[in-house]
Amino acid sequence: MSSSIVLATSAEDSRAVEAVVAHHTEMNGTLGLLVEALVRAVETGDATATSAAHQRLVDWARSDLLPHALAEEGAMYPHAHRTPDARLLVDAMIAEHGVIGGLVDALAGATGPVRAAALGRALQVLFEVHMTKENEQILPLLALSSDVSLATVLDGMHELLGGHEHGRTGSPGPAEAGVGCGCASVDGGLGGGCGSGAEPADEPRTADPATDPTAPAPGGHSCGCGGHDDAGNLPVLDARAVPHAIRHATIFGALDGVVPGAGMVLLAPHDPLPLLAQVDARWPGTFTVDYLERGPETWALAFMR
């Protein structure tokens, strides 16, 4: 997934674009984690874990993905469709929504674990392709249009901007001002929260978890050295392959898909201390973190909820 810059006719429209792209990125991270959890459960042959992972994926698709698609069709697509050069693209995007809905229905009705995993992976791939076209073609078209205020179009569309509930994590709700999403910073685009591409500077600490095994991770996380015995069965998010500008949003989306009692393994290209501080600010006391590997090329961390 790319992270190209989108130009806009106003600062408000620019922030609206950033909010939508950030929410798309988080959704992609959540979907990726849910699909990976299903695939891993199928690989282990654990029928109970497979059934639970299958149901979580279906529930999320119905509660988040499909309402998001409907919100797009109601908010953005009619304005883009008025542009002659974009009509065929919008028609194709609506057709893709139909395919996505069909995949969700097929996934819900899948009786075999292998078929369910295959349908989940197909849904993930299609959503990423669809999201990229929306980020790189539909949003720039609307942002540069002098006839449309993208910020006005998207105002209050919480299914589109992620302000409805941010999943089930108790994350920030709709903002009091701005575009209508708790993800967007009114003063300067995305802040250090859910969609920020910038990595905040590390705060001074009395102990460094990278060198002191007994030191707590930033924000009160519990970090040990031994890792979890079942870490090999956890879904893995390899953030090393994710562009830097959208890396944190992708990780937040993946963590949003972790249910209580479950976890995930994060592979990072550096010690993610700023990320850990952001995670604790967003989900105070929710995750415990164990370092499984400490560089020099890869840092592996197990997040347990």
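Residues numbered from 1 in each chain as written. Predicted model: local features only at pLDDT ≥ 70, side-chain atom pairs only at ≥ 80, totals over all residues. Heavy atoms only, no water.

Caption draft 1: Summary view of the overall build of the protein. The helix and strand inventory of the protein stands at 9 helices and 6 strands. Residues classed as buried in the protein amount to 50% of the 305 residues present. Taking all contacts inside the protein whose residues are at least 6 apart in sequence as the whole, residues at least 24 apart take part in 73%. Carbon and sulfur atoms provide 55% of the accessible area of the protein, an area that totals close to 13000 Å². (Helix = DSSP H or I, 4+ residues; strand = E, 2+ residues; numbered from the N terminus. Buried < 20%, exposed > 50% of the residue type's maximum accessible area, 1.4 Å probe, protein only. Contact = heavy atoms within 4.5 Å. Areas by Shrake-Rupley, 256 points an atom, 1.4 Å probe, with all protein chains shown as cover.)

Caption draft 2: The packing of aromatic side chains, seen in detail. Applying the stated rule across the entire model yields 3 aromatic pairs. With a centroid separation of 5.6 Å and 80 degrees between ring planes, the pair formed by tryptophan 283 and phenylalanine 287 is classed as edge-to-face. The burial state of tryptophan 283 is the same as that of phenylalanine 287; both residues are buried. On the basis of an interplanar angle of 80 degrees and a centroid distance of 6.3 Å, the ring pair of phenylalanine 287 and phenylalanine 303 is categorised as edge-to-face. Taken together, the positions of phenylalanine 287 in the loop between α9 (273-282) and β5 (288-294) and phenylalanine 303 in strand β6 (residues 299-304) put the pair 16 residues apart, joining distant regions of the chain. The buried category is assigned to phenylalanine 303, whose relative accessible area is 1%. Taken together, the aromatic side chains of Phe252, Trp283, Phe287 and Phe303 make up a single cluster linked through ring pairs. Above the face of the tyrosine 291 ring, arginine 294 is positioned so that its terminal group lies 3.8 Å from the ring centre. (Phe/Tyr/Trp six-rings, centres within 6.5 Å; stacked < 30°, edge-to-face > 60°. Lys NZ or Arg CZ within 6 Å of the ring centre and 35° of its normal.)

Caption draft 3: Representation of the pattern of salt bridges. Tallying each qualifying case throughout the model produces 5 salt bridges. Between glutamate 36 and arginine 40 there is a salt bridge whose closest N-O contact spans 3.0 Å. With glutamate 36 and arginine 40 both in helix α1 (residues 11-44), this residue pair falls 4 residues apart, about one helical turn. Here aspartate 238 makes a salt bridge to arginine 240, at a shortest N to O gap of 2.8 Å. (Salt bridge = Lys/Arg side-chain N within 4 Å of Asp/Glu carboxyl O.)

Caption draft 4: Layout of helix α2 (residues 47-75). Relative to the 42 Å expected for 29 residues at 1.5 Å per residue, α2 spans 41 Å between its end C-alpha atoms, a close match to the ideal helical length. Of all bends in α2, the biggest is about 40 degrees, found at alanine 61. Its side-chain oxygen 3.1 Å from the backbone nitrogen of threonine 48, aspartate 46 forms the N-cap of α2. (Expected span 1.5 Å × (residues − 1). Bend = angle between axes of the 7 residues up to and from the residue. Polar contact = N/O pair within 3.5 Å; in protein donor to acceptor, adjacent residues only side chain to side chain.)

Caption draft 5: Structural view of the sheet that holds β5. Spatially, β3-β4-β6-β5 is the arrangement adopted by the 4 strands of the open sheet, whose pairing is mixed. Edge positions in the sheet fall to β3 (236-238) and β5, since each of these pairs with one other strand and no more. Averaged over all adjacent pairs, the angle separating strand axes in this sheet is 20 degrees, with direction ignored. (Pairing = 2+ DSSP bridges. Axes fitted to C-alpha atoms, helices over the stretch in contact; angles between N-to-C directions.)

Caption draft 6: Expanded view of the packing of helix α4 (residues 87-109) against helix α5 (residues 113-143). In contact at an axis separation of 10 Å, α4 and α5 are set at 160 degrees when each is read in the N-to-C sense. Compared by their axis directions, α4 and α5 come out roughly antiparallel. Crossing handedness for the pair α4 and α5: left-handed. Across the interface between the two elements, Leu89, Val90, Met93, Glu96, His97, Val99, Ile100, Leu103, Val104, Ala106 and Leu107 from α4 touch Ala116, Leu119, Gly120, Ala122, Leu123, Leu126, His130, Lys133, Glu134, Gln137 and Ile138 from α5. Here the contact of α4 with α5 is composed, by residue class, of 15 nonpolar, 4 polar and 3 charged. (Parallel < 35°, antiparallel > 145°, perpendicular 65-115°, else oblique. Left-handed = near helix turned anticlockwise from the far one by under 90°. Nonpolar A, V, L, I, M, F, W, Y, C, P; charged D, E, K, R; others polar.)

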